[in-house]
2 protein chains.
Amino acid sequence: MELELYFFAKGKTDADPIDKMIQGGKGANLCEMAKLGIPVPPGIIIPTKYCLEYLKWKKLPDDFFDQVLKKLHLVEQETNRVFDGNERPLLVSVRSGAPVSMPGMMDTILNLGLNEKTAIGLIKETNNERFVYDSYRRLIQMFGNVVLEIKHDKFEEILDYHKHKSGVTADVDLDTKTLLNVIADYKALIKKETNEDFIEDPKVQLKMAIEAVFRSWNNERAIIYRKIHNIPESYGTAVNIQSMVFGNMGMDSATGVCFTRNPSTGEKQLYGEFLLNAQGEDVVAGIRTPENIQNLQTVMPEAYEELVKITQTLEKHFKDMQDIEFTIERKKLYLLQTRNGKRTGRAALKIACDLVDEGVITPQQAILKVDPESLPSLMANVFDPEDLKKAKENGYFLTKGLNAGPGAASGKIVLTSEKAVELHQKGHKVLLVRLETSPDDIKGMQYSEGILTARGGMTSHAAVVARAMNKPCVVGCSDIKVMENHIEVITFDGRRLCVKEGQELSIDGTTGEVILGKLKTVHSEILRVIMGELDEKESEIARDYLRIIQWAENFKKIGVRANADTPTDAKIARLLGAKGIGLCRTEHMFFGEERLPLMQKMILSETLVERKEVLEKLKEFQIQDFIQIFKEMDGYPVTIRLLDPPLHEFLPKNFEEAELLSKKIGVSPEEIIQRAESLKEVNPMLGHRGCRLGITYPEISEMQASAILIAALECKKQGIQVYPEIMVPLVGDRKELIQQKEIIDQSAKKIFGEYQDTIDYKVGTMIEIPRAAITADKIAEVADFFSFGTNDLTQMTLGFSRDDAESFLKEYLRIGIYEKNPFATIDVEGVGELVKMALQKGKSVKPDLKCGVCGEHGGDTQSVYFFTKIGLDYVSASPYRVPISILASSIASQQK
Amino acid sequence: MELELYFFAKGKTDADPIDKMIQGGKGANLCEMAKLGIPVPPGIIIPTKYCLEYLKWKKLPDDFFDQVLKKLHLVEQETNRVFDGNERPLLVSVRSGAPVSMPGMMDTILNLGLNEKTAIGLIKETNNERFVYDSYRRLIQMFGNVVLEIKHDKFEEILDYHKHKSGVTADVDLDTKTLLNVIADYKALIKKETNEDFIEDPKVQLKMAIEAVFRSWNNERAIIYRKIHNIPESYGTAVNIQSMVFGNMGMDSATGVCFTRNPSTGEKQLYGEFLLNAQGEDVVAGIRTPENIQNLQTVMPEAYEELVKITQTLEKHFKDMQDIEFTIERKKLYLLQTRNGKRTGRAALKIACDLVDEGVITPQQAILKVDPESLPSLMANVFDPEDLKKAKENGYFLTKGLNAGPGAASGKIVLTSEKAVELHQKGHKVLLVRLETSPDDIKGMQYSEGILTARGGMTSHAAVVARAMNKPCVVGCSDIKVMENHIEVITFDGRRLCVKEGQELSIDGTTGEVILGKLKTVHSEILRVIMGELDEKESEIARDYLRIIQWAENFKKIGVRANADTPTDAKIARLLGAKGIGLCRTEHMFFGEERLPLMQKMILSETLVERKEVLEKLKEFQIQDFIQIFKEMDGYPVTIRLLDPPLHEFLPKNFEEAELLSKKIGVSPEEIIQRAESLKEVNPMLGHRGCRLGITYPEISEMQASAILIAALECKKQGIQVYPEIMVPLVGDRKELIQQKEIIDQSAKKIFGEYQDTIDYKVGTMIEIPRAAITADKIAEVADFFSFGTNDLTQMTLGFSRDDAESFLKEYLRIGIYEKNPFATIDVEGVGELVKMALQKGKSVKPDLKCGVCGEHGGDTQSVYFFTKIGLDYVSASPYRVPISILASSIASQQK
């Protein structure tokens, strides 16, 4: 049976269709380039299906390699070289190429085809003995490592030995004689490790290399990478066998990499670097400093012109900025690879907009060019540029860590969570500095402007929590040593500083910079434009941002609301594009200075009469709260959740606090402590909270419902369009909702009577208990809307307490039991399945039931993709993540 | 359209088929009796469907009452009386009769047909003016209350006034003149309350009465009753209109109730009481003392003979002991009602066996006659009869409370949970006495022999928890006052006693008796026979029990295992019929005196090496534990669960305990406290426990798996048949099970190598996290069995922490959000649905997957019905509840 193998060379290919699933990403792009007439070194492609076949049967058809060699004849003809030939030997690279890019995950072999014999032919041809033996040395090393599975270190040891012996430090300085010694030692190593001589026959080399690439699909790195990136095992990898070209054939040769646009700013200008007389490896090794790509224009103007032209062709064809590898062999330009280039958030915005303006892509396509997760950095606060400059001039710049949570922040250093709370309560802005953070630090983090840790990476506790809290955060700052009441810093320029707790420090979580002293922070350009502080004309980035978000708005299929508890949050959310509030938590409203004692008095009340009296007072506050929020959201729906947390959260935690409260409300501190104790729970997460409070204390629900409806009617009087949605939390059985709805409806009747006016309001429920999802059809009969509280739903469905899971979740993520933190990205298989089930059950009973999500997942890109796919009506995210959700839901609308 | 109405009289009925769903329970039985030739007062039945029609349309077809009256002609003919007639007027009772008995839930009207005119006719006929006006007075009162909805109290006030005025205390002593005054005042009351005169027209009375009965289907009492007893609203009630007969027509008349057998002992002998010259109401009122039914033989030998004969007919026909109401009117016997009689557990066993022996029922039918929930009382310990007798003679019997948890117990009085723990640890047996218990008392209850509370009913916290713990319990003992360190008792004979904490007290939770001092407790007769302490021949009840359980064994469709952690428990469980262990918790094994310090040392270990060292020592203990249990369960499977609880449960709770431990293991108390603190969790229920321990500390799983397999191989050497099943707890994702199974399989490989022998073992998982149920198909691929841990599954599915739910669950049960405590009886709609889903998913992947349940629901009758219905393979219950499960699963096998 004839195999399906593909050939490509400048201007021709027999691959039809060209399809990443068949030829792999790299191979397909090579075929595309060949078809476009772009000079690529000729080569052949073994498609992915043979990889799967090999892995399944552990062998390949008998005549497989004969057919591969036969196909390789086309390359021989095209290059006028002969594989295993005495003269003009054909050397090839053997590379994997999966349908989806898996950078560094699989193995590559270069210079295949060299052996003692062909080396001599190549020396004759190139007149460059050192180049040939260096190539041969590299082949043996790569083949030994990738195909024969001999540890990389063992080859490096030999190389180091010879470098040391001949007194050189760089590979490139090894002379031919030494290289021959290295080759001899390499071969001896292979003999020792495998009991076989190094394979000299290029045909056998090729066969073994192909099989090794196939096998590499299932090496551990590749498996883990696939898992993390959701790449199906069933894809397989193609093998690209491509003729070698050499950038190190003299000063008329070169090798380089470039982007078609500046990947940092998005500017339309070739960006990259090259090295004369060098191989790709040398660019990476960093021993010689590569030159700016612009200089190529001077050195090799023709090649440069051709490269520029090609990049334009490629951008138009692939409709995106390209990341290109090229080699110039004796003045002749070859394109080795092209792919869509990675870029910063800022560049992504500009490139997307520019490509639209250039007519290359449509606005709808432009949306796909911006990673939603890049937006927070663009929106985050920055230091005042003047202030920052001055600080650096004064030597206040200390060091850099990992930029784990975007934004700039200054504050007094606090080294413990307790100190953070203490200073915060005294009115200071603080910055939490820790070796690393743990769940015990959550409270301290909440009260801090930003977080700085000496240890930890981008997914450490501090990093993950800070991002969720939208706090600036720098982690892994190993130049900092955290002591008992000060920190020691080794500065970037070698100074050793001691900074005390309480002193001012500044961090920029977007850049990772740590600066001594207090700096002024200002809104990012985008935010300044959005807030009306800066004219749109003054900011290109803001203009680009606004265009992208507008397009995203047009194409997204589901609504985006915000989780906002205060008028300020509501205002920002609206400016950032939220069309309503999906979750307004009322409990935060009870923590104000005047209110907390009232709330506490209410909880400590012994009689219903007393409780109602206090509730009347609290109601007045609530009415004002709601009026403000309704005003900000004029014209949009506002979902207000009734009281949710367990009551003990409002009570004093210790005797001092109890004594303070005692003076205010006239209940003895002992009594207060006793009541607080009696309210304590073993598992507060599963305790007396949510609608369970509203059911045991109906007067609380009544007060809140009344406040909402009075506020709504007051706003209506002022001509504000109000759409209140009252949300009952923690419902597990429809009867709970019926009972609470009854209270709300009764309150409405009373208030409407008093006002001689009415207002439309909805009553719905959170779906956050597994039982609610399971019985969603029954609950839907009495609900106007569902809002999935995926935070709690995740806790209960997985049996993970968010406060405690840290202790094992790290290990779970490490060994891959969960691929992502289920509190950050929705667990599709478990929690997602429940959401889907509840959605279907709910809509089966009430097709126009409005269903949204108000957990933190509403602001996570991957989760928004899922929610869009299953058909939720809206997601609700924290204000600063609203743009992410808009963009993500718009992207999701275009996904299959 | 002609209505479907039914007529019945001795020897005839047109009801065909006779069906409770159509004629209601009472009506159907009346028709059955009529058909059997038993003398019943003739009557007609309006079937249930017209009730539903009336409630739906709020009215009845136009000619409805014409047709009812037409049908009533048959009764007139049969009785030779005329409804609304001047002579021989026909009086009828109007009664509701639903398909399922709802005692006292709906209303009855007697003597309907009486008015000023017919009263005179009846007086003429009976020559008994007082009787007629008393009947008339009763009619007005019942009609006024039931139909006109005038409060009962208002009639009673009038009656009391006249009784007082004429100086009599009993209704029966009112003379005709006074009765006429009462009637006049009753009528005035009706006029006042309704603005209408009392309806004199019997036809209108009848119409209104029928409608009132229909409406009563939806009165509040009825709705609640239906909710509690799962009776569908769609049943509706029938109306029975039956001619009145009178037991108060002189000394040749009587009324009575009787059981066909003794409902207390089951003895085959007519049991009941009667009153001469009286109406049914008088028996209930308790003003005259009724006579033993046996005496009827002397007074009215013919009627008695007939009654005995009828009871035999009825038992044969209904195949069960009957509870009968009868009236003798001028020597003529009438049967008013028959139904299956309620009985004690003891009687149920005897009656069931006797009916089989008499050839009335089959063994399979006999099973249905015994309520599984009646078994615990029969099995519970009792006081030594001699001891009890002596104590009572000495005046030590104090008082009685509610018998909330069967069994007898003696111990030193403790008034707090702490004291219970303290004395228990000093080796004393204690009895916890509280005003009422709360979740804080759980530990104290665990350490006590029994529980006594001054407050609370049969479903109070103390009662529910005690039954679950299988502890004797007396509640609601209001004669006891609990003081700070003593109790005050008002004894049954009026003495006032003060008993100090630490003094001995005894309670019998089967009878509710409270006795001063310590009494010897002995096994119940049944248990003594089962344990081989008493010959079967000596105990009728044990013989009956064993026959029933044997029959149940034969007919049940699913297996019954026990939850047992010790050899003793395993032994008892086996004697009680368990065929294997469904849950052996290993954590209890680490609390022994020698072991706890080792366990604690393991937890405090800082290195893996240190931890493994301690685990080696613990392994030796575990091996011995498992050998003992395997021996007891020779021939049956034993499911052993790997370590489940969070580690902090094993560590000292305070400094004193830490200091003690410090001396034993050489770690400083500060360090111990610190480690204990660091292990504390906000929501331990959702924390670092279950297989999460085994994954983060694989060496623990390895130790336990090794111990199980070594024990199994040691037993095999001794010729014992061992079937170990290793159960991984708290799995939420299949990868967790894969990882733990790998550890177990590796251990097995190693041990089998060392022993040069192998043993079959299974590896399965608990399904106790909602996510496990949702992804059960995926988990099933790697599991040999599922065991549903419905305790935790209930907590997570409902979001109820068992430790905390008390605070709102009471209210939830009161207002009917949940009908039963979901921790006692499975929540079918939520948790049950998940179990069903997981079962289907699991078996769809692996049809022979063994699926059982090991939560406490496995010993609850209603839950076992559900588990049997959905097709689980077995249930596992605590040892003393094994017989309940056997009987319940056998009954369930016969349910549709």
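The structure displayed is predicted, hence computed values, not measured ones.

A.B. asks: Give a description of the overall build of chain A that names residues and reports values.
C.D. replies: When its secondary structure is counted, chain A shows 36 helices and 34 strands. Each of the 896 residues in chain A was classed as buried or not, and the buried ones make up 57%. Considering only contacts within chain A whose residues lie at least 6 apart along the sequence, 68% involve residues at least 24 apart. Here chain A contributes 115 positively and 131 negatively charged side chains, and the mean placements of these two sets differ by 2 Å.

A.B. asks: Go over the nonpolar core with me, naming the residues and quoting the values.
C.D. replies: Membership of the largest hydrophobic core comes to 248 residues, with the highest contact counts inside it found for F630(A), F786(A), F788(A), F630(B), F786(B) and F788(B). In this structure, F630(B) is in contact with V638(B), I640(B), I708(B), A711(B), A712(B), C715(B), I720(B), V722(B) and P724(B), ignoring residues within four places of it in sequence. Grouped together as the second largest cluster of nonpolar side chains are 69 residues, F83(A), V92(A), L174(A) and M244(A) included.

A.B. asks: Any chance you could break down the pairing of strand β18 (residues 430–434) of chain A for me, citing the residues and the numbers?
C.D. replies: Residues and elements named next belong to chain A. Judged by how many residues are buried, β18 sits mostly within the fold: four of five residues are covered. With three bridges connecting them, strand β17 (residues 408–414) and β18 associate as parallel partners. Its bridge partner lying in β18, K412 is registered against V430. Read as a crossover between parallel neighbours, the route from β17 over helix α17 (residues 417–425) to β18 is right-handed. Relative to strand β19 (residues 450–453), β18 runs parallel, the two sharing four bridges.

A.B. asks: Describe the interface of chain B and chain A, and please don't skip the residues or the numbers.
C.D. replies: If you look at the interface, chain B gives 47 residues, while chain A gives 47 residues. Considering only the surface of chain B that becomes buried against chain A, L686(B), R771(B) and E829(B) emerge as the three largest contributors, covering 15% of it. For the salt bridge of D827(A) with R771(B), the shortest nitrogen-to-oxygen distance reads 2.6 Å. On the surface where chain B and chain A come into contact, there are 24 residue pairs in polar contact (both at pLDDT 80 or more). Among the elements of the structure, α27 (691–696), α29 (734–755), α30 (770–774), α32 (790–798), α33 (806–814) and α34 (828–845) of chain B are those that each provide at least two residues to the side of chain B that touches chain A. Sorting elements by how many residues they give to the side of chain B that touches chain A places α34(B) first, with five residues. In terms of residue class, the side of chain B that touches chain A is built from 19 nonpolar, 14 polar and 14 charged.

A.B. asks: Any chance you could break down the packing of aromatic side chains for me, citing the residues and the numbers?
C.D. replies: Enumeration over the complete set of coordinates arrives at 38 aromatic pairs over all chains. Note on F397(A) and F492(A): the rings are 5.1 Å apart at their centroids and 50° apart in plane angle, and the pair reads as tilted. Of this pair, F397(A) sits in strand β15 (residues 397–400) while F492(A) sits in the loop between β22 (486–490) and β23 (496–500), placing them 95 residues apart in sequence. A ring pair is formed by F590(A) and F650(A), whose centres lie 6.4 Å apart and whose planes are at 75°; its orientation type is edge-to-face. One end of the pair, F590(A), is in the loop between β28 (581–585) and α23 (595–604); the other, F650(A), is in the loop between β29 (637–641) and α25 (655–665), and 60 residues separate them in sequence. For the pair formed by F590(A) and F650(A), the shared burial category is buried. Here the aromatic residues F800(A), F808(A), Y812(A) and Y818(A) are joined through ring pairs into a cluster of three or more. Positioned above the aromatic ring of F397(A) is the side chain of K392(A), whose terminal nitrogen or guanidinium carbon lies 5.4 Å from the ring centre. In this structure, R561(B) packs its charged tip against the face of Y874(B), placed 4.1 Å from the ring centre.

A.B. asks: Just give me the short version of the pairing of strand β12 (residues 322–329) of chain A, but keep the residues and values in it.
C.D. replies: Residues and elements named next belong to chain A. Within β12, seven of the eight residues are buried, which leaves it mostly tucked inside the rest of the structure. As paired elements, strand β9 (residues 254–259) and β12 share six bridges and run antiparallel to each other. Bridge pairing in β12 places V257 opposite E325. Connecting β12 to the next strand, strand β13 (residues 332–340), in antiparallel fashion are two residues, including R330 with a positive phi near 45°.

A.B. asks: A description of the pattern of salt bridges should follow, citing residues and the corresponding values.
C.D. replies: Scanning all chains against the criterion turns up 110 salt bridges over all chains. A salt bridge links R595(B) to D625(B), with the shortest nitrogen-to-oxygen separation between them at 2.8 Å. A residue pair is termed long-range when its members are at least 10 positions apart, and R595(B) in helix α23 (residues 595–604) and D625(B) in helix α24 (residues 608–632) qualify at 30 residues. In this structure D625(B) comes out as buried when scored by relative accessible area, which is 14%. For the salt bridge of E781(B) with R734(B), the shortest nitrogen-to-oxygen distance reads 2.8 Å. Pair noted here: E781(B) is in the loop between α31 (776–780) and β30 (785–788) and R734(B) is in helix α29, with a separation of 47 residues, a long-range link. When its relative accessible area of 46% is taken as the criterion, E781(B) is described as partly exposed. Among the residues examined, R734(B) registers a relative accessible area of 26% and is labelled partly exposed. What you see here is one network of salt bridges that share partners, running through E587(A), R641(A), D644(A), R689(A) and D792(A).

A.B. asks: Run through the sheet that holds strand β17 (residues 450–453) of chain B, naming residues and quoting values.
C.D. replies: All names here are of chain B. One open sheet holds the eight strands; their spatial order is β13-β23-β22-β15-β16-β17-β18-β14, and the pairing between them is mixed. Edge positions in the open sheet fall to β13 (397–400) and β14 (402–405), since each of these has one partner strand only. Averaged over neighbouring strand pairs, the angle between their axes works out to 30° when direction is ignored. Packed onto the sheet, helix α19 (residues 461–469) meets β14, β17 and β18 (473–475) and runs at close to 170° relative to β18.

A.B. asks: So what's going on with the packing of helix α13 (residues 345–357) of chain A against helix α21 (residues 540–555) of chain A? Which residues, and what values?
C.D. replies: Residues and elements named next belong to chain A. Relative to each other, α13 and α21 sit at 70°, their axes nearing to 9 Å. The pairing of α13 with α21 is recorded here as roughly perpendicular in orientation. When the axes of α13 and α21 are compared, the crossing they make is left-handed. Only E540, I541, D544, Y545, R547, I548 and W551 of α21 make contact with α13, whose side of the interface consists of R346, L349, K350, A352, C353, V356 and D357. Looking at the contact of α13 with α21 residue by residue, the classes come out as eight nonpolar, no polar and six charged.

A.B. asks: Give me the lowdown on unusual backbone geometry, citing residues and values where you can.
C.D. replies: The omega torsion of the bond from D16(A) to P17(A) falls at 5°, within 30 degrees of zero and hence cis. Inspection of the secondary structure puts P17(A) in the loop between β2 (12–13) and α1 (20–35). Although it is not a glycine, R330(A) adopts a positive phi angle of roughly 45°. Relative to the elements of secondary structure, R330(A) occurs in the loop between β12 and β13. Of note in this structure, L730(B) is not a glycine but carries a positive phi near 60°. The residue L730(B) is located in the loop between β28 (723–728) and α29 in this model. In this structure L730(B) comes out as buried when scored by relative accessible area, which is 1%.

A.B. asks: Explain the relation of the copies chain B and chain A residue by residue, including any values.
C.D. replies: For the pair chain B and chain A, the relating rotation is 180°, the translation along its axis is 0.0 Å, and the fit reaches an RMSD of 0.3 Å. Expressed as a symmetry operation, the mapping of one chain copy onto the other fits a two-fold axis. For chain B, the smallest separation between a C-alpha atom and the rotation axis is recorded for N683(B), amounting to 2.2 Å.

How each quantity is defined
- Residues numbered from 1 in each chain as written.
- Chains lettered and ligands numbered in written order.
- Predicted model: local features only at pLDDT ≥ 70, side-chain atom pairs only at ≥ 80, totals over all residues.
- Heavy atoms only, no water.
- Helix = DSSP H or I, 4+ residues; strand = E, 2+ residues; numbered from the N terminus.
- Buried < 20%, exposed > 50% of the residue type's maximum accessible area, 1.4 Å probe, protein only.
- Contact = heavy atoms within 4.5 Å.
- Lys, Arg positive; Asp, Glu negative; His and termini not counted.
- Charge placed at Lys NZ, Arg CZ, Asp CG, Glu CD.
- Core = buried A, V, L, I, M, F, W, Y, C linked by side-chain atoms within 4.5 Å.
- Pairing = 2+ DSSP bridges.
- Right-handed = clockwise from strand over helix to strand, strands pointing away.
- Buried area = accessible area lost by both parts, 1.4 Å probe.
- Salt bridge = Lys/Arg side-chain N within 4 Å of Asp/Glu carboxyl O.
- Polar contact = N/O pair within 3.5 Å; in protein donor to acceptor, adjacent residues only side chain to side chain.
- Nonpolar A, V, L, I, M, F, W, Y, C, P; charged D, E, K, R; others polar.
- Phe/Tyr/Trp six-rings, centres within 6.5 Å; stacked < 30°, edge-to-face > 60°.
- Lys NZ or Arg CZ within 6 Å of the ring centre and 35° of its normal.
- Axes fitted to C-alpha atoms, helices over the stretch in contact; angles between N-to-C directions.
- Parallel < 35°, antiparallel > 145°, perpendicular 65-115°, else oblique.
- Left-handed = near helix turned anticlockwise from the far one by under 90°.
- Least-squares fit on C-alpha atoms with pLDDT ≥ 70 in both.

In short, geometric facts, not functional conclusions.
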